[in-house]
Amino acid sequence: MPHDTPLIATIVAGLGLAFVFGALANRFRIPPLVGYLVAGVLVGPNTPGFVADASLANELAEIGVILLMFGVGLHFSLKDLLSVRAIAVPGAIVQIGFATLLGVGLAWLLGWSLGAGLVFGLALSVASTVVLLRAMQERRLIETERGRIAVGWLIVEDLAMVLALVLLPALAGVLGGQPQVDDHANLLSLPASYGLWGVVGMTLAKVAAFVVVMLVVGRRVIPWILHYVAHTGSRELFRLSVLAIALGVAFGAAKLFGVSLALGAFFAGMIMSESELSHRAAEESLPLRDAFSVLFFVSVGMLFDPLSLISNGLPILATLAIIIVGKSIAAFIIVVAFRYPIATALMISASLSQIGEFSFILAELGVGLKLLPEQGRDLILAGAILSILLNPLMFVVVDWMKPWLEKRAGKDAAPAVEQRPIGPATEPGQVASVSAAPGKEDGPPPRTALAGHSILIGYGRVGSLVGAALKEAALPFLVIEDSDKTLAKLRDDGIENIAGNAANVDVFSAANPEGARRLILAIPNAFEAGQIVLRARAANPAINVIARAHSDAEVEHLKGLGADTVIMGEREIARGIVEVVTGKAADPAGPAMEIDPQPA
């Protein structure tokens, strides 16, 4: 029986086009986020062809906002923020203030109200979490000091925007907008005619009550629920419990305390992050979180009118200048004022020269409160799309500017401090070790002095066992690892290491693959391992490549790329069980890893 299915049509069109354009964007090394926004433009009312249901898209987007904020809270690290608080907190606050003033100035030139200017400026002041983390990961900077500063800076910006989302509805009437009218009574609902400070006070009181409930009750109840469900052994129930907590706390926060869905979701993630099961919770919620986050960006794209690029050409250029030039200059001056190297200041400036998720949320809230005109939302959307497109180019520009600025400042780059092995580490019977002095952070890692050695990629549960065996056999080896905690442990244990991802050309070249005897891939990612195998074979056709896999398809994939030996974990477990049951060695169904005690 034929019937209308607007919900299904909206989801299918949104996700389908988002996939197509996201894949195209990724192909051209553009963040997929741009592709999602373009997909939204194509299914929106401002372009011909199929038009998705805007009201349904907005509700789906609301779930996307909840899950986005839940993810932010789940990865919120107070420890990481405190480690760089001296620069991240004042830096982010000053930069937000400067960008907001620039936004207010542009709004004044366009004839908008002060309230519109504040919303507009705040939306231009906060960088995209997705884009910044992607840029940091691609350049292997997450674990460096400058990466921690950038992430800490971003956390402060996110917290400031959470506060803005809480206060804007309460202050809308004072700023010239339309006060938000609740369509439901909440636990702390009281008459709103208390004046400015009364409204702010009541809003903060509601937030404080919610925070107290979450810290006192939530900290005990949420981890208890997670551990109880985890002990049932049902992965399905665990995944369901994570999503139920995220959505339930967000909805309950809005219904009972009158705070935003975004704030409720953020606190749900933050409380859940204290549980030992937080990593598993993040993994289980990731697929649905990603799907609804994509629908959020699609719904935002539906609101954008492509013709505004023509009708609002000059305002869009001014908006883009605030995002790329104004914010970057402010961040650069702040970081240099705190006596950090120019390279660090340039990198942070480039990483913050874009806007994203929170900007969209603020724009939608501002339009809904009648604070921000629809033209302002169009400017924010256009500025976001263009700044995300141009962000990779910003890193190229700062790399070009760095030597010139350092020369102008009269400061030559500090010479690289090489990680030199202590003692004759290339001789048989000696274990490679390094001094604790780190290498130059803004250049390629120093090249190892080892030869005839083993290159161990990854030092997790598998890699650490392999490393212990190599060390016991007194074989020279080094480890390539990108985890800050693991690198610190390697340095403490006196094991030579190279910080970064082995898929990076400079990082892998620093391990001297031309002179290495053996490459051991202990990482579980077969696709990344395949890239490293190809790079190793190109550098040294004679190198012995040993890898790990989790399926027959991965085994064939890695062997097809040139791996000599591929160990499949499940097969080795089966061998061990068969040996225990039968009392005799099982057929290995493939060559096992052998380590020659003497290098060639």
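Shown above is the structure to which this text applies.
Anyway, here's the lowdown on the structure attached to this text. Everything numeric here is computed off the predicted structure, so don't read it as measured data.

Burial analysis of strand β2 (residues 477-481) places 5 of its 5 residues in the buried class, the great majority of the element. Burial of the side chains of β2 extends over both faces: Phe 477, Val 479 and Glu 481 are buried on one face and Leu 478 and Ile 480 on the other. When strand β1 (residues 454-457) meets β2, the two strands line up parallel, connected through 4 bridges. The residue bridging Leu 456 from the neighbouring strand is Val 479, located in β2. A crossover connection joins β1 to the parallel β2 through helix α18 (residues 461-472); in handedness this β-α-β unit is right-handed. The pairing of β2 with strand β3 (residues 497-499) spans 3 bridges and is classified as parallel. Looking at the pairing, Ile 480 lines up with Ile 498 of β3.

Okay, unusual backbone geometry next. Despite not being glycine, Arg 339 has its phi angle at roughly 65 degrees, a positive value. Structurally, Arg 339 is set in the loop between α14 (313-337) and α15 (342-351). Arg 339 gets classed as exposed once you look at its relative accessible area, which sits at 79%. With a phi angle near 55 degrees, Asn 512 is a residue other than glycine that sits in the positive phi range. When you line up the elements, Asn 512 lands in the loop between α20 (505-509) and β4 (518-521). By relative accessible area, Asn 512 is classed as buried at 11%.

Quick look at the packing of helix α1 (residues 6-27) against helix α2 (residues 32-43) now. Here α1 crosses α2 at 140 degrees, and the two axes come no closer than 7 Å. One element, α1, and the other, α2, form an angle in the oblique class. Remark: the crossing between α1 and α2 carries right-handed chirality. Residue-level contacts link Ala 13, Leu 17, Ala 18, Phe 21, Gly 22, Ala 25 and Asn 26 of α1 to Pro 32, Gly 35, Tyr 36, Val 38, Ala 39, Leu 42 and Val 43 of α2. A breakdown of the residues in the contact of α1 with α2 according to their chemical character gives 11 nonpolar, 3 polar and no charged.

Moving on, we get to the sheet that holds β2. Taking strand neighbours across the sheet as the criterion, the 6 strands line up as β3-β2-β1-β4-β5-β6 in an open arrangement whose pairing is parallel. Only two strands of the sheet have a single partner each, and these edge strands are β3 and β6 (565-568). Pairs of neighbouring strands in the sheet enclose a mean axial angle of 15 degrees, with direction left out of account. Note: β4 against strand β5 (residues 544-549), 4 bridges, orientation parallel. The residue of β5 that forms the bridge with Leu 521 is Ala 547. Against the sheet, helix α23 (residues 569-582) engages β5 and β6, with an angle of about 65 degrees to β6.

Turning to α2, a few remarks are in order. With 12 residues, α2 extends 17 Å between its outermost C-alpha atoms, agreeing within 8% with the 16 Å of an ideal straight helix rising 1.5 Å per residue. Buried within α2 are the following residues: Pro 32, Leu 33, Val 34, Gly 35, Leu 37, Ala 39, Gly 40, Val 41 and Val 43.

What follows concerns the packing of helix α5 (residues 85-109) against α14. Packed helices, taken two at a time, are described by their axes: the angle between them and the distance between them. At a minimum axis separation of 9 Å, α5 and α14 run at an interaxial angle of 150 degrees. On the basis of their axis angle, the class for α5 and α14 is roughly antiparallel. As α5 runs across α14, the sense of the crossing is right-handed. Residue-level inspection shows Ile 87, Gly 91, Val 94, Gln 95, Phe 98, Ala 99, Leu 102, Gly 103 and Leu 106 of α5 in contact with α14, the latter providing Pro 315, Ala 318, Thr 319, Ile 322, Gly 326, Lys 327, Ala 330, Ile 334 and Val 335. In terms of residue class, the contact of α5 with α14 is built from 12 nonpolar, 5 polar and 1 charged.

It is characteristic of soluble globular proteins that their nonpolar side chains tend to be buried jointly. Among the nonpolar cores identified, the biggest contains 111 residues, and Trp 153, Met 272, Phe 296 and Leu 372 are the most heavily contacted of them. Discounting residues that sit within four places of it in the chain, Leu 372 has contacts with Trp 112, Ala 116, Val 119, Phe 120, Ala 363, Gly 366, Val 367, Arg 377 and Ile 380. Within the second largest apolar cluster, 28 residues are counted, among which are Ile 498, Ala 511, Leu 521 and Ile 543.

Let us look at the environment of Val 221. Secondary-structure assignment places Val 221 in helix α9 (residues 195-232). Considered as a pair, Val 221 and Met 272 are 51 residues apart in the sequence and their alpha carbons are 10.0 Å apart.

Moving on, we get to the packing of aromatic side chains. Throughout the structure, instances matching the rule amount to 2 aromatic pairs. With 5.7 Å between their ring centres and 15 degrees between their planes, Trp 224 and Tyr 228 make a pair best called stacked. A residue pair is termed a helical-turn pair when its members lie 3 or 4 positions apart in one helix, as Trp 224 and Tyr 228 do in helix α9 at 4 residues. By relative accessible area, which is 57% here, Trp 224 ends up exposed.

Here the focus is the pairing of β1. Here β1 shows no split at all, with Ser 454 and Leu 456 on one side and Ile 455 and Ile 457 on the other all buried. Direction of pairing for β1 relative to β4: parallel, over a ladder of 4 bridges. Paired with Ser 454 across the two strands is Arg 518, which belongs to β4.

This part covers empty space enclosed by the protein. The final tally for this structure, using the stated rule, is 4 cavities of 30 Å³ or more. Quantified by volume, the largest cavity comes out at close to 50 Å³. If you trace the largest cavity, you find it lined by Thr 10, Gly 14, Ala 52, Ala 57, Leu 60, Leu 295, Val 298, Ser 299 and Met 302. Broken down by secondary-structure element, the contributors of at least two residues to the lining of the largest cavity are α1, α3 (54-74) and α12 (278-302). Ranked by the residues each element gives to the lining of the largest cavity, the list is headed by α12, at 4 residues. Class assignment of the residues belonging to the lining of the largest cavity gives a composition of 6 nonpolar, 3 polar and no charged.

Moving on, we get to a nonpolar patch on the surface. On the surface, Val 212, Val 213, Leu 215, Val 216, Val 217 and Val 221 cluster together to form a nonpolar patch covering roughly 430 Å² of accessible area. Tracing the sequence through the fold places Leu 215 in helix α9. Residue classification places Leu 215 among the partly exposed positions, given a relative accessible area of 34%.

Let's shift gears to helix α16 (residues 357-368). Along its 12 residues, α16 runs 17 Å from first to last C-alpha, staying within 8% of the 16 Å computed at 1.5 Å per residue. Of the residues making up α16, those classed as buried are Glu 357, Phe 358, Ser 359, Phe 360, Ile 361, Leu 362, Ala 363, Leu 365, Gly 366 and Val 367. With its phi angle positive at about 60 degrees, Lys 370 sits one or two positions after the end of α16.

Scoring rules and cut-offs
- Residues numbered from 1 in each chain as written.
- Predicted model: local features only at pLDDT ≥ 70, side-chain atom pairs only at ≥ 80, totals over all residues.
- Heavy atoms only, no water.
- Buried < 20%, exposed > 50% of the residue type's maximum accessible area, 1.4 Å probe, protein only.
- Helix = DSSP H or I, 4+ residues; strand = E, 2+ residues; numbered from the N terminus.
- Pairing = 2+ DSSP bridges.
- Right-handed = clockwise from strand over helix to strand, strands pointing away.
- Axes fitted to C-alpha atoms, helices over the stretch in contact; angles between N-to-C directions.
- Parallel < 35°, antiparallel > 145°, perpendicular 65-115°, else oblique.
- Left-handed = near helix turned anticlockwise from the far one by under 90°.
- Contact = heavy atoms within 4.5 Å.
- Nonpolar A, V, L, I, M, F, W, Y, C, P; charged D, E, K, R; others polar.
- Expected span 1.5 Å × (residues − 1).
- Core = buried A, V, L, I, M, F, W, Y, C linked by side-chain atoms within 4.5 Å.
- Phe/Tyr/Trp six-rings, centres within 6.5 Å; stacked < 30°, edge-to-face > 60°.
- 1 Å grid on protein atoms, 1.4 Å probe; cavity = no way out; pocket = protein on both sides within 12 Å on 5 of 7 lines; lining within 4 Å.
- Points joined across faces, edges and corners; volume = space filled by probe spheres on them.
- Patch = residues over 30% accessible without salt bridge, like charges linked within 9 Å, V, L, I, M, F, W, Y side chains within 5 Å.
- Areas by Shrake-Rupley, 256 points an atom, 1.4 Å probe, with all protein chains shown as cover.
- Salt bridge = Lys/Arg side-chain N within 4 Å of Asp/Glu carboxyl O.

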